[in-house]
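Descriptive structure summary
Below are the chains, spelled out letter by letter.
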Amino acid sequence: MTSMLPFLHTDFPKWFEANQQFFVPPICNKLLHGGQLKIMFCGGKKANERGDYHIEDGEEFFYMLKGSMILKVLENGKHRNIEIKEGESFLLPAHVPHSPQRLPDSLGLVIERERLSGEVDAMQWFVPGSTDVLWRRTFVCTDLGKDLVPIVKAFKASEEAKTSKARGKEATGKDGLL
């Protein structure tokens, strides 16, 4: 069977230059192709030290084209840092909370699969120095670079962000804690 979609060809240096405004903190991310494979580039001139952790139902593939990054993960109930250097790749298993930390003047390729119907991603922050969830928000992901920005803003405006103290189980989902 022949594909009904047009072939996609990108002059990457021109595309990257034309999209510089997206490679700024906090996310530093721009989607290149959004079909069955979500192909995005992350990085930029400035570092993007983030406190949020992303969780999704599929694997994620990371490849560093320039510079290096630290991928913070929560593994077996403990925080761990994984360094991915220029020229290296890393395959992150599904359901692993992770926080990509891009260093200045770095550029990485990230490939995710299309989300299945009914799947939701989550963003969460931890109480400093622990693995206790401080704040969490679930969302349907269509474009990570766009979808994360309002969630990061909502967290920064939250009482939890200001106090670094979780509200407890009585809080409702509308302000982030599920």
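An account of the accompanying structure is given in this report. (Residues numbered from 1 in each chain as written. Predicted model: local features only at pLDDT ≥ 70, side-chain atom pairs only at ≥ 80, totals over all residues. Heavy atoms only, no water.)

**Considerations on empty space enclosed by the protein**
For the structure on display, the rule yields two cavities of 30 Å³ or more. Approximately 110 Å³ is the volume attributed to the largest cavity. Every residue lining the largest cavity is counted, 15 residues in all, and those nearest its centre are Asn 29, Cys 42, Arg 50, Pro 100 and Leu 144. Of all the elements in the fold, those that place two or more residues in the lining of the largest cavity are strand E2 (37-44), strand E4 (60-66), strand E8 (98-102) and strand E9 (106-113). (1 Å grid on protein atoms, 1.4 Å probe; cavity = no way out; pocket = protein on both sides within 12 Å on 5 of 7 lines; lining within 4 Å. Points joined across faces, edges and corners; volume = space filled by probe spheres on them. Helix = DSSP H or I, 4+ residues; strand = E, 2+ residues; numbered from the N terminus.)

**Structural notes on unusual backbone geometry**
Positive phi values are uncommon outside glycine, yet Asp 105 reaches one of about 55°. Here Asp 105 shows up in the loop between E8 and E9. Owing to a relative accessible area of 44%, Asp 105 belongs among the partly exposed residues under this scheme. At Ser 164, a residue that is not glycine, the phi angle is positive and equals roughly 60°. Judged by relative accessible area, which is 32%, Ser 164 ranks as partly exposed. (Buried < 20%, exposed > 50% of the residue type's maximum accessible area, 1.4 Å probe, protein only.)

**Details of the sheet that holds E9**
If you walk across this open sheet you meet the five strands as E1-E2-E9-E4-E7, and the pairing is antiparallel. In the strand order of this sheet, the two ends are held by strand E1 (29-34) and strand E7 (89-92), each with one partner. The mean inter-strand angle of the sheet, taken between neighbouring strand axes irrespective of direction, is 20°. Looking at chain direction, E4 and E9 are connected through six bridges and run antiparallel. Paired with Glu 60 across the two strands is Glu 112, which belongs to E9. (Pairing = 2+ DSSP bridges. Axes fitted to C-alpha atoms, helices over the stretch in contact; angles between N-to-C directions.)

**Structural notes on the side chain of Gln 124**
With respect to the helices and strands, the residue Gln 124 is situated in strand E10 (residues 121-126). Polar side-chain contacts of Gln 124 include one of 2.7 Å to the side chain of Arg 136. Apart from residues no more than four positions distant in its own chain, Gln 124 is found in contact with Gly 51, Asp 52, Tyr 53, Ile 55, Pro 97, Val 133, Trp 135 and Arg 136. (Polar contact = N/O pair within 3.5 Å; in protein donor to acceptor, adjacent residues only side chain to side chain. Contact = heavy atoms within 4.5 Å.)

**Let's talk about the layout of surface pockets**
Roughly 170 Å³ of internal volume is contained in the largest pocket. Among the secondary structure elements, those contributing two or more residues to the lining of the largest pocket are E1 and helix H2 (144-156). Taken together, the residues of the lining of the largest pocket sort by class into eight nonpolar, three polar and three charged. (Nonpolar A, V, L, I, M, F, W, Y, C, P; charged D, E, K, R; others polar.)

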